[in-house]
Amino acid sequence: DARVTQTPRHKVTEMGQEVTMRCQPILGHNTVFWYRQTMMQGLELLAYFRNRAPLDDSGMPKDRFSAEMPDATLATLKIQPSEPRDSAVYFCASGLALGQSVMHEQYFGPGTRLTVT
Amino acid sequence: AQSVAQPEDQVKVAEGNPLTVKCTYSVSGNPYLFWYVQYPNRGLQFLLKYITGDNLVKGSYGFEAEFNKSQTSFHLKKPSALVSDSALYFCAVRDSYGNNRLAFGKGNQVVVIP
């Protein structure tokens with residue numbers, strides 16, 4: 001049963017600290033997405049990668065957020081320094097892009113619940 | 001840019017009654033449409049999608065959705081709701097031009113009353 005995995009599941013940190021969230025996409029998937037979910041804003045796309053290359057990170061605050069894919073089995077999202085307004089659930093999703101478009105659905109991980117105090 | 005509207009915050013229905021969750025969309029060109037469900041403290045799970053073909057799409061757990069191009073709608077339906085269907089439901093759309101971005105609606109909380 002292939003799944004997207006995310007670590008950690010929960011993270012509590014103090015303002016100013018660095019936070020790193022990790023995602024392992026489903027094996028064989030070549031597109032990875034990072035989302036943030038809050039009660040106020042709903043589900044927001046932060047960034048996405050195809051074949052490990054960043055295609056769009058316009059939804060991400062550039063001064064403190066960074067996203068990378070060191071290899072095909074690992075995606076990371078870092079916040080440095082973290083702020084209380086970053087408190088949210090962060091989801092990773094992966095999908096399979098066929099040709100020039102994503103024809104298949106996205107598969108979501110269980111999320112990382114981040115609390116910044 | 002593509003967008004989705006889910007006009008109701010909450011949908012309440014008695015168990016055994018039909019369930020409808022509404023979604024309208026805006027997109028350039030032909031839409032690719034999706035429904036996802038989120039249970040508490042879980043990630044989103046794919047329910048069904050419309051890419052092309054029959055306007056009535058069947059998905060997981062007895063759900064179906066009807067694509068209506070003239071009304072730009074993609075309402076989710078289930079003939080007989082279960083208490084276990086209580087969850088948050090998201091409609092999403094993307095265009096057919098190779099843009100991989102999915103635009104999600106704000107979600108609808110479905111409450112099925114025993």
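Cut-off values and rules
Residues numbered from 1 in each chain as written. Chains lettered and ligands numbered in written order. Predicted model: local features only at pLDDT ≥ 70, side-chain atom pairs only at ≥ 80, totals over all residues. Heavy atoms only, no water. Contact = heavy atoms within 4.5 Å. Buried area = accessible area lost by both parts, 1.4 Å probe. Salt bridge = Lys/Arg side-chain N within 4 Å of Asp/Glu carboxyl O. Polar contact = N/O pair within 3.5 Å; in protein donor to acceptor, adjacent residues only side chain to side chain. Helix = DSSP H or I, 4+ residues; strand = E, 2+ residues; numbered from the N terminus. Nonpolar A, V, L, I, M, F, W, Y, C, P; charged D, E, K, R; others polar. Buried < 20%, exposed > 50% of the residue type's maximum accessible area, 1.4 Å probe, protein only. Core = buried A, V, L, I, M, F, W, Y, C linked by side-chain atoms within 4.5 Å. Disulfide = S-S within 2.5 Å. Phe/Tyr/Trp six-rings, centres within 6.5 Å; stacked < 30°, edge-to-face > 60°.

J.: Requested: an account of the interface of chain A and chain B, with residues and values cited.
T.: On the side of chain B, 20 residues touch chain A, which itself brings 23 residues to the contact. Both sides together, the interface formed by chain A and chain B hides about 1700 Å², and carbon and sulfur atoms give 51% of it. When the shortest N-O distance is used, the salt bridge between lysine 49 of chain B and glutamate 105 of chain A registers 3.2 Å. Where chain A packs against chain B, one counts four residue pairs in polar contact (both at pLDDT 80 or more). Where the side of chain A that touches chain B is concerned, the elements lending two or more residues are strand 4 (31-38), strand 5 (42-50), strand 6 (53-56) and strand 11 (101-102) of chain A. A total of four residues in the side of chain A that touches chain B trace back to one element, the largest contributor, which is strand 5 of chain A. Looking at side-chain class alone, the side of chain A that touches chain B contains 11 nonpolar, seven polar and five charged residues.

J.: Describe unusual backbone geometry, and please don't skip the residues or the numbers.
T.: With an omega of -10°, the peptide bond running from threonine 7 of chain A to proline 8 of chain A counts as cis. In this structure, proline 8 of chain A sits in the loop between strand 1 (5-7) and strand 2 (10-13). The residue after glutamine 80 of chain A, namely proline 81 of chain A, is reached through a cis peptide bond having omega -5°. Examined against the element boundaries, proline 81 of chain A turns out to sit in the loop between strand 8 (74-79) and strand 9 (88-95). Of note in this structure, asparagine 41 of chain B is not a glycine but carries a positive phi near 60°. Relative to the helices and strands, asparagine 41 of chain B resides in the loop between strand 5 (31-38) and strand 6 (44-50). A relative accessible area of 57% places asparagine 41 of chain B in the exposed class. One non-glycine residue, tyrosine 61 of chain B, lies in positive phi territory at about 60°.

J.: Could you give an account of the nonpolar core, naming the residues involved and the relevant values?
T.: Core analysis: the biggest nonpolar cluster contains 29 residues, and Leu19, Trp35, Leu47, Leu48, Phe74, Leu76 and Tyr89 of chain B have the highest contact counts within it. Sorting the residues of this core by element identifies strand 2 (10-14), strand 3 (19-21), strand 5, strand 6, strand 8 (64-68), strand 9 (73-78), strand 10 (87-95) and strand 12 (108-113) of chain B as the ones contributing at least two each. No other element matches the four residues that strand 10 of chain B contributes to this core. Those residues within four positions of tyrosine 89 of chain B in sequence are excluded, and the remaining contacts are Gln6, Trp35, Tyr36, Val37, Leu47, Phe63, Leu76, Gly107, Asn108 and Val110 of chain B. Judged by nonpolar contacts, the second largest core, of 22 residues, contains Met69, Ala75, Ile79 and Tyr90 of chain A.

J.: With reference to specific residues and values, describe the state of the cysteines.
T.: Residues and elements named next belong to chain B. In the structure shown here, the tally under the stated rule is two disulfides over all chains. With a sulfur-sulfur separation of 2.0 Å, cysteine 23 is cross-linked through a disulfide to cysteine 91. What sets the handedness of the cysteine 23 and cysteine 91 disulfide is the S-S torsion sign, and at about -60° it is left-handed. Here the residue cysteine 23 occupies a position in the loop between strand 3 and strand 4 (24-26), and cysteine 91 occupies one in strand 10, the gap between them amounting to 68 residues. Since its relative accessible area comes to 0%, cysteine 23 is described here as buried.

J.: Now, about the packing of aromatic side chains: what can you tell me, with residues and values included?
T.: Overall, the coordinates contain 14 aromatic pairs over all chains when judged by the stated rule. Taking the centre distance of 5.5 Å and the plane angle of 90° together, the rings of tyrosine 35 of chain A and phenylalanine 104 of chain B count as edge-to-face. Here phenylalanine 104 of chain B lies in strand 11 (residues 103-104) and tyrosine 35 of chain A lies in strand 4, a pairing that spans two chains. Exposure remark for phenylalanine 104 of chain B: the relative accessible area of 13% places this residue in the buried category. In textbook terms, an aromatic cluster arises when at least three aromatic residues are bridged by ring pairs, as seen for Phe33, Tyr35, Tyr48, Phe91 and Phe108 of chain A together with Phe34, Tyr36, Phe46, Phe90 and Phe104 of chain B.

J.: Explain the pattern of salt bridges to me, and be specific about the residues and the numbers.
T.: Scanning the entire structure with this criterion turns up 10 salt bridges over all chains. Its salt-bridge partner being glutamate 44 of chain A, residue arginine 36 of chain A comes within 3.3 Å of it at the nearest N-O pair.

That is the geometry; function is a separate question.
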